[in-house]
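Results of the structural survey
So you can see what is in the structure, the chains are spelled out below.
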Amino acid sequence: MSAQQPPPPHRPHTPGAPGVPWGFAPPQPREVTAGYRRQAGILTWSAIVVAFLMGVALVVSVVFLVRADQDTRNAAYGYLALVLWVGIAAAVPVLLALAIPAARMRRRLRERQPDVRAGGA
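So, here's what we can say about the structure. (Residues numbered from 1 in each chain as written. Predicted model: local features only at pLDDT ≥ 70, side-chain atom pairs only at ≥ 80, totals over all residues. Heavy atoms only, no water.)

Section: the overall build of the protein
Across its full length, the protein holds two helices and zero strands. Here the protein holds 121 residues, and the buried ones make up 17% of them. Of all intrachain contacts in the protein linking residues separated by at least 6 positions in sequence, the fraction that spans at least 24 positions is 63%. Here the protein has roughly 10100 Å² of accessible surface; of this, 65% comes from carbon and sulfur atoms. (Helix = DSSP H or I, 4+ residues; strand = E, 2+ residues; numbered from the N terminus. Buried < 20%, exposed > 50% of the residue type's maximum accessible area, 1.4 Å probe, protein only. Contact = heavy atoms within 4.5 Å. Areas by Shrake-Rupley, 256 points an atom, 1.4 Å probe, with all protein chains shown as cover.)

Here we look at the side chain of S61
Here S61 lies in helix α1 (residues 34-70). In this structure the side chain of S61 is engaged in a polar contact, spanning 2.7 Å, whose partner is the backbone oxygen of L58. If sequence neighbours within four positions are ignored, S61 has contacts with A81, L84 and W85. (Polar contact = N/O pair within 3.5 Å; in protein donor to acceptor, adjacent residues only side chain to side chain.)

With respect to the nonpolar core
Ranked by size, the top nonpolar core spans 14 residues in total, and within it Y36, L43, M54, L98, M105 and L109 carry the most contacts. With seven residues, α1 is the largest single contributor of residues to this core. In contact with Y36, other than residues within four places in its own chain, are M105, R108 and L109. (Core = buried A, V, L, I, M, F, W, Y, C linked by side-chain atoms within 4.5 Å.)

Re the packing of aromatic side chains
Under the criterion given, the structure shown has one aromatic pair. We note R108 situated over the ring of Y36; from NZ or CZ to the ring centre the distance is 4.8 Å. (Phe/Tyr/Trp six-rings, centres within 6.5 Å; stacked < 30°, edge-to-face > 60°. Lys NZ or Arg CZ within 6 Å of the ring centre and 35° of its normal.)

Describing the environment of G78
Within the secondary structure, G78 sits in helix α2 (residues 76-112). Discounting chain neighbours no more than four positions away, the residues touching G78 are F64, L65 and A68.

Examining the pattern of salt bridges
Summed over the entire model, instances satisfying the criterion amount to two salt bridges. Between D71 and R73 there is a salt bridge, with its nearest N and O atoms 2.8 Å apart. A relative accessible area of 24% places D71 in the partly exposed class. Exposure remark for R73: the relative accessible area of 72% places this residue in the exposed category. One salt bridge in this structure joins R107 and E111, with 3.5 Å as the shortest N-O distance. Of this pair, R107 and E111 are both found in helix α2, four residues apart, which corresponds to roughly one turn of the helix. (Salt bridge = Lys/Arg side-chain N within 4 Å of Asp/Glu carboxyl O.)

With respect to a nonpolar patch on the surface
The grouping of L58, V62, L65, V66, Y79, L82 and W85 at the surface amounts to a nonpolar patch, some 660 Å² of accessible area in total. When residues of the nonpolar patch are traced back to their parent elements, those giving at least two are α1 and α2. Here the nonpolar patch gets four residues from one element, more than from any other, and that element is α1. For W85, a relative accessible area of 38% gives the class partly exposed. (Patch = residues over 30% accessible without salt bridge, like charges linked within 9 Å, V, L, I, M, F, W, Y side chains within 5 Å.)

This is the structure in structure tokens:
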């Protein structure tokens, strides 16, 4: 007798789906809850507020540079403009961290929302 073991029993594949293992079921998407919608709204509005503040900081920094360039006694405004630019640079990752998940969540909500015009319920 040899030391080889017999082959494992054959598991039938799903008909019409070659290569799909036996018992495979695609994952079912979870239901979109009211909390998920609320969190998507909070992330979206947070990203909008951060982007607005970054825009205001950019405009204020340009105003500071113009004031610093007008007179040498106002040189401190140039340094304030630099501080604002550092703040803008630091806010870019925050904006990305808010905007990317918000966009993905909003897209998921749009995909799950029934189309009223098409007569969906």
